[in-house]
Amino acid sequence: MGRHGSRVERALAEEWVRLNQDPSCTLVLRRWAVHHRCLTGCDRVGDVIDALDAAESQARDELLAALIALFQQGHALAGRIALQAMLPKVASLAARRLARRHGSLEDRFQLVIGEFWQVLGDYPLERRPGKVAANLAMETLHRLVVLSRAREVPLDPVVIAELGHPEQVAPASSPSGRIDRDCSLPELLDWAVGSQVVSSADAGLLLEVFGCRTAGADTYRDVARAYREIAAATGVSGAALRQRVHRAKTRLGAAARLAVAT
């Protein structure tokens, strides 16, 4: 990895080393191989990547399809292996001009991972069993194009989050059709749940992530710490959490823009 890689890339690389050294991954791979013979002989997660790199197109499609099927059945490790296989393409998409409106390389990399994660979960294996890697890349690119064409949302939930504090949770109330621009994060989320913009679970996640600002601390570090703590507490991967938060933020921002009081 070059010295210009993002912090997300470096974190993924460190995680990949740990996964390759984790004996529990060997047990998981062997269990998977019982039903997905293409994974036979893969004792480390790195072996799967080696097999993908060495495979002809049909065998590569079979391997990726197995990972996608496992991921869609709830095996997050399979999705992580698929992400590793597609990481060069993910990095390339993060550097593209259409992604640059989404902030720093760090922000763009997280955005592309989130979109790729969604594509992986929605991939129609029965309808598109061939050219799987190309289809994953093209669908992720398509989602980025759609995002790049979206209008900017003046009412940014992240900015509002800096005004909110977890202890300031507003009492439940019937939401109105408008929301004040200077409302706190808990007030915004109370309105959003009542208006069925986001679920109460997603609202709680947003509050945990963006309501954690410490006086005098850096916002990015606060948010990164929140992701780490939630991932450790729940067992959900950081990538999955970021993807879920990204989608909830997108819905919230779009709805708030329409409802903000003028």
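Refer to the structure above for everything that follows.
The following refers to the structure shown. Predicted model only: the values in this text are computed from it and were never measured.

Parameters at a glance
- Residues numbered from 1 in each chain as written.
- Predicted model: local features only at pLDDT ≥ 70, side-chain atom pairs only at ≥ 80, totals over all residues.
- Heavy atoms only, no water.
- Helix = DSSP H or I, 4+ residues; strand = E, 2+ residues; numbered from the N terminus.
- Buried < 20%, exposed > 50% of the residue type's maximum accessible area, 1.4 Å probe, protein only.
- Areas by Shrake-Rupley, 256 points an atom, 1.4 Å probe, with all protein chains shown as cover.
- Expected span 1.5 Å × (residues − 1).
- Polar contact = N/O pair within 3.5 Å; in protein donor to acceptor, adjacent residues only side chain to side chain.
- Contact = heavy atoms within 4.5 Å.
- Phe/Tyr/Trp six-rings, centres within 6.5 Å; stacked < 30°, edge-to-face > 60°.
- Core = buried A, V, L, I, M, F, W, Y, C linked by side-chain atoms within 4.5 Å.
- Axes fitted to C-alpha atoms, helices over the stretch in contact; angles between N-to-C directions.
- Parallel < 35°, antiparallel > 145°, perpendicular 65-115°, else oblique.
- Arc of directions from axis to C-beta.
- Salt bridge = Lys/Arg side-chain N within 4 Å of Asp/Glu carboxyl O.

Within the chain, the secondary structure is distributed over 13 helices and zero strands. The order of α-helices and β-strands along the chain, N terminus first, is α-α-α-α-α-α-α-α-α-α-α-α-α. Within the chain, the proportion of its 262 residues that are buried is 46%. Total accessible area computed for the chain in this model is approximately 14,100 Å², and 52% of it derives from carbon and sulfur atoms.

The next subject is helix α13 (residues 238–259). Taking 1.5 Å per residue, 22 residues should reach 32 Å; α13 reaches 31 Å between its end C-alpha atoms and fits that length. Every buried residue of α13 is listed here: A239, A240, L241, Q243, V245, H246, A248, L252, G253, A255, A256 and A259.

Here we take up the side chain of N135. With respect to the helices and strands, N135 occurs in helix α8 (residues 132–149). Here the side chain of N135 touches R128 through a polar contact of 3.1 Å, side chain to side chain. Not counting chain neighbours up to four residues away, the residues in contact with N135 comprise Y123, R128 and G130.

All right, on to the packing of aromatic side chains then. Summed over all chains, the structure comprises one aromatic pair. Ring geometry for F71 against W117: centres 5.0 Å apart, planes inclined by 75°, an arrangement best described as edge-to-face. Linking F71 in helix α4 (residues 57–72) with W117 in helix α7 (residues 105–122), this pair joins segments that are 46 residues apart in sequence. Residue F71 is classed as buried on the basis of its relative accessible area, which comes to 14%.

In this section: the nonpolar core. The biggest cluster of nonpolar side chains holds 49 residues, and the ones touching the most others in it are W32, I81 and L136. With eight residues, α7 is the largest single contributor of residues to this core. Contact partners of L136, with chain neighbours within four places excluded, come to I68, M86, F116, V119, L120 and Y123. The next biggest cluster of nonpolar side chains, apart from the first, holds 26 residues, and it includes L188, Y227, V245 and A255.

So, on to the packing of helix α10 (residues 185–194) against α13. At a minimum axis separation of 11 Å, α10 and α13 run at an interaxial angle of 95°. Judged by the inter-axis angle, α10 sits roughly perpendicular to α13. Facing α10, whose interface residues are L188, L189, W191 and A192, α13 presents L252, A255, A256 and A259.

What follows is about helix α6 (residues 87–95). All of the buried residues along α6 are L87, V90, L93 and A94. In an axial view of α6, the angular spread of the buried residues amounts to 120°, which keeps them on one side of the axis.

Applying the stated criterion across every chain yields a total of three salt bridges. Between R80 and E15 there is a salt bridge; the shortest N-O distance is 2.5 Å. Of this pair, R80 sits in helix α5 (residues 76–85) while E15 sits in helix α1 (residues 7–21), and the two are 65 residues apart along the sequence. Residue classification places E15 among the partly exposed residues on the basis of a relative accessible area of 28%. Residue D47 pairs with R44 through a salt bridge whose shortest N-O separation is 3.2 Å.

What follows deals with the side chain of T140. Tracing the backbone through its elements, the reader meets T140 in helix α8. Of the polar contacts made by the side chain of T140, one reaches the backbone oxygen of L136; its length is 2.8 Å. Each residue touching T140, except ones within four places of it in the same chain, is listed here: L93, V112, E115, F116 and V119.

Next up on the list: unusual backbone geometry. The backbone phi angle of K131 is positive, close to 50°, even though this residue is not glycine. For K131, the location among the structural elements is in the loop between α7 and α8.

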